[in-house]
Amino acid sequence: MRCPLEVWFLDLSAAPPLAGCRLAALRDDERLRLGGDLAPAPARRFALARVALRMILGERSGVEPSAILLGEDARGKPRRIDGIGGSFNVSHSGERVAIAVSDPPAIGIDIERRTPFFRPERLWKLACSPAARDWLAAHPQEAESEFGRLWTRKEALLKAVGMGLRTRPSAIDLAPPATHSAGEATLDGPMVGMRSRK
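None of the values given here were measured: they were computed from a predicted structure.

1. Thoughts on the nonpolar core
Counting residues in each nonpolar core, the largest one holds 14 residues, and the members touching the most others are L53, L57, L70, F88, V97, I99 and V101. Going through the elements one at a time, α2 (40–61) and β5 (96–102) are the ones with two or more residues in this core. Ranked by residue count, the leading element in this core is α2, at six residues. When neighbours within four sequence positions are excluded, V97 is seen to be in contact with W8, F9, L10, L12, A49, V90, S91, H92 and I111.

2. Considerations on the pairing of strand β4 (residues 87–93)
Extensive coverage of β4 is indicated by the burial of five of its seven residues. Of the strand pairs in this sheet, β4 and β5 are connected by seven bridges, and their pairing is antiparallel. The residue of β5 that forms the bridge with H92 is V97. The loop that links β4 with its antiparallel partner β5 comprises two residues; one of these, G94, has a positive phi angle of about 60°.

3. Notes on the packing of aromatic side chains
Within the structure shown, the criterion is met by one aromatic pair. Ring plane angle 25° and centroid distance 6.3 Å describe the contact between F147 and W151, whose orientation is recorded as stacked. Of this pair, F147 and W151 both sit in helix α5 (residues 143–160), separated by four residues, roughly a single helical turn. Take F147 and W151: they sit in the same class, and that class is buried.

4. Considering α5
The first and last C-alpha atoms of α5 sit 25 Å apart over 18 residues, in line with the 26 Å expected at 1.5 Å per residue. In terms of burial, α5 is a largely internal element, 15 of the 18 residues being buried. Among the residues trailing α5, G162 stands out with phi positive, at a value near 80°.

5. A look at the side chain of S129
Note on placement: S129 falls in the loop between α3 (124–127) and α4 (130–138). Sequence-distant contacts of S129, that is, excluding residues within four places in its chain, are made with K154, S170, I172 and D173.

6. So, the sheet that holds strand β1 (residues 5–11)
The sheet built from three strands is open, its strands ordered β1-β5-β4 with antiparallel pairing. Edge positions in the open sheet fall to β1 and β4, since each of these has one partner strand only. In this sheet, adjacent strand axes meet at a mean angle of 10° when their direction is disregarded. The strands touched by α2 are β1, β4 and β5; relative to β5, the strand with the most contacts, the crossing angle is about 25°.

Cut-offs applied
- Residues numbered from 1 in each chain as written.
- Predicted model: local features only at pLDDT ≥ 70, side-chain atom pairs only at ≥ 80, totals over all residues.
- Heavy atoms only, no water.
- Core = buried A, V, L, I, M, F, W, Y, C linked by side-chain atoms within 4.5 Å.
- Buried < 20%, exposed > 50% of the residue type's maximum accessible area, 1.4 Å probe, protein only.
- Helix = DSSP H or I, 4+ residues; strand = E, 2+ residues; numbered from the N terminus.
- Contact = heavy atoms within 4.5 Å.
- Pairing = 2+ DSSP bridges.
- Phe/Tyr/Trp six-rings, centres within 6.5 Å; stacked < 30°, edge-to-face > 60°.
- Expected span 1.5 Å × (residues − 1).
- Axes fitted to C-alpha atoms, helices over the stretch in contact; angles between N-to-C directions.

Right under this line is the structure:
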């Protein structure tokens, strides 16, 4: 029996050179994208993440990875268009990739890399509801980590419903930053606020 939800975290810096990867899993349009306007580093990250996604989807559905047909819905959300079903979502942050796959319910995932230049207070007005901004201002010691957690949750939610950042993140009011949902786990390391359901 397969798990209805799987989350994979990949460190692309540990991946073999692109020539050693299973590029045959990519379709022609994906290979063309590699030779198009992508710089070498982004092209490598795209190829490695797409090969991994295809292998994961292929294993789950019993379909050869190169035979999987991917496309977008009317709002631009990536999806399978081969009629097999299921949902997937991919997030990139530097050399890190998160891939979530599930049975029919829509899914979204987001990861963000913490950088020394990260100043969340500059984004509060854009990304946070008034209540969340007030909470962050009242808790300066926790503001950076809680903002990262709030941002990743919002972006994952917007990706799950297929809206992406076309919806103002400040219009979405999630639970107060200090409230952690049962079953959530923070994965420590080079990423902030990454979530995985247990």
